[in-house]
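What the coordinates show
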Amino acid sequence: MRHSLKGADIPQETLDKLSEQASKKWPEPWVSATLHAIHTRNLLGIPIKEYMPDNLVKERIALIGDAAHVPAPITASGFNTSLQDAVELGKCVAKGVKGDAAVRALAKYESLRLNKVQRMVQSGKSFSYSYGRS
Ligand SMILES: Cc1cc2nc3c(=O)[nH]c(=O)nc-3n(C[C@H](O)[C@H](O)[C@H](O)COP(=O)(O)OP(=O)(O)OC[C@H]3O[C@@H](n4cnc5c(N)ncnc54)[C@H](O)[C@@H]3O)c2cc1C
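Summary of the structure given here. (Residues numbered from 1 in each chain as written. Predicted model: local features only at pLDDT ≥ 70, side-chain atom pairs only at ≥ 80, totals over all residues. Heavy atoms only, no water.)

1. Re the environment of Ser-4
Residue position: Ser-4 is located in the segment before β1 (5–6). Separated by 91 residues in the primary sequence, Ser-4 and Lys-95 place their C-alpha atoms 43 Å from one another. If near-sequence neighbours (up to four positions away) are discounted, Ser-4 is found in contact with Gly-45, Ile-46 and Pro-47. (Helix = DSSP H or I, 4+ residues; strand = E, 2+ residues; numbered from the N terminus. Contact = heavy atoms within 4.5 Å.)

Have a look at this one:
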């Protein structure tokens with residue numbers, strides 16, 4: 001996955017599948033608007049990538065931001081959550097990271113953030129399912 005696709009660059013086969021799915025899943029007036037956008041290629045293909053983390057820390061290494069978790073763009077929360085990771089990590093290591101203090105500080109960071117970021121990724125998945133994604 002490298003970038004979004006403009007309508008002109010989306011393969012016809014993909015557009016045909018989208019038309020078929022839209023016709024089955026969407027009621028009027030949305031289906032007409034969707035089919036019009038597909039037929040005139042007036043749409044963007046934005047890849048949706050999600051990553052649900054099982055952990056954020058291993059020994060003396062901690063991950064923040066998209067390196068640690070990737071929600072669907074529809075959540076509009078990836079950047080904000082990434083900043084919150086950085087703030088919490090900063091607080092956890094503020095008293096120093098010499099010796100075992102580093103491991104304790106990072107474990108604290110993970111305990112503060114893991115559930116929250118998992119919920120964020122899950123919210124994007126739930127939103128996608130509500131739109132009929134199998
Ligand atoms: C379509 C879309 C819409 C979004 N809309 C929103 C929104 O409305 N609100 C919101 O809060 N979030 C939104 N996000 C999410 C948000 O953009 C990300 O969560 C945020 O940018 C993550 O920040 P980051 O610093 O962790 O990673 P990034 O922003 O990806 O930064 C990582 C940086 O590391 C660089 N890099 C990679 N590899 C190397 C290397 N080997 N050496 C040196 N540098 C390297 C990259 O070039 C990049 O500049 C959206 C994302 C997408 C894809």
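2. Overview of helix α2 (residues 30–39)
Among the residues of α2, those classed as buried are Val-31, Leu-35, Ala-37 and Ile-38. The arc that holds the buried residues of α2, viewed along the axis, is 160 degrees, so those residues lie on one side. Close packing links the buried residues of α2 with α1 (12–25). Looking one or two places after α2, you find Arg-41, whose phi comes out positive at around 55 degrees. (Buried < 20%, exposed > 50% of the residue type's maximum accessible area, 1.4 Å probe, protein only. Arc of directions from axis to C-beta.)

3. Some remarks on the nonpolar core
Membership of the largest hydrophobic core is limited to 11 residues, which are Leu-56, Val-57, Ala-68, Leu-89, Cys-92, Leu-106, Tyr-109, Leu-114, Val-117, Met-120 and Val-121. At the level of secondary structure, the elements contributing two or more residues to this core comprise α3 (78–92) and α4 (100–130). Element by element, the count of residues in this core is highest for α4, at six residues. Other than its neighbours up to four places away in sequence, Leu-114 contacts Pro-53, Asp-54, Asn-55 and Leu-56. (Core = buried A, V, L, I, M, F, W, Y, C linked by side-chain atoms within 4.5 Å.)

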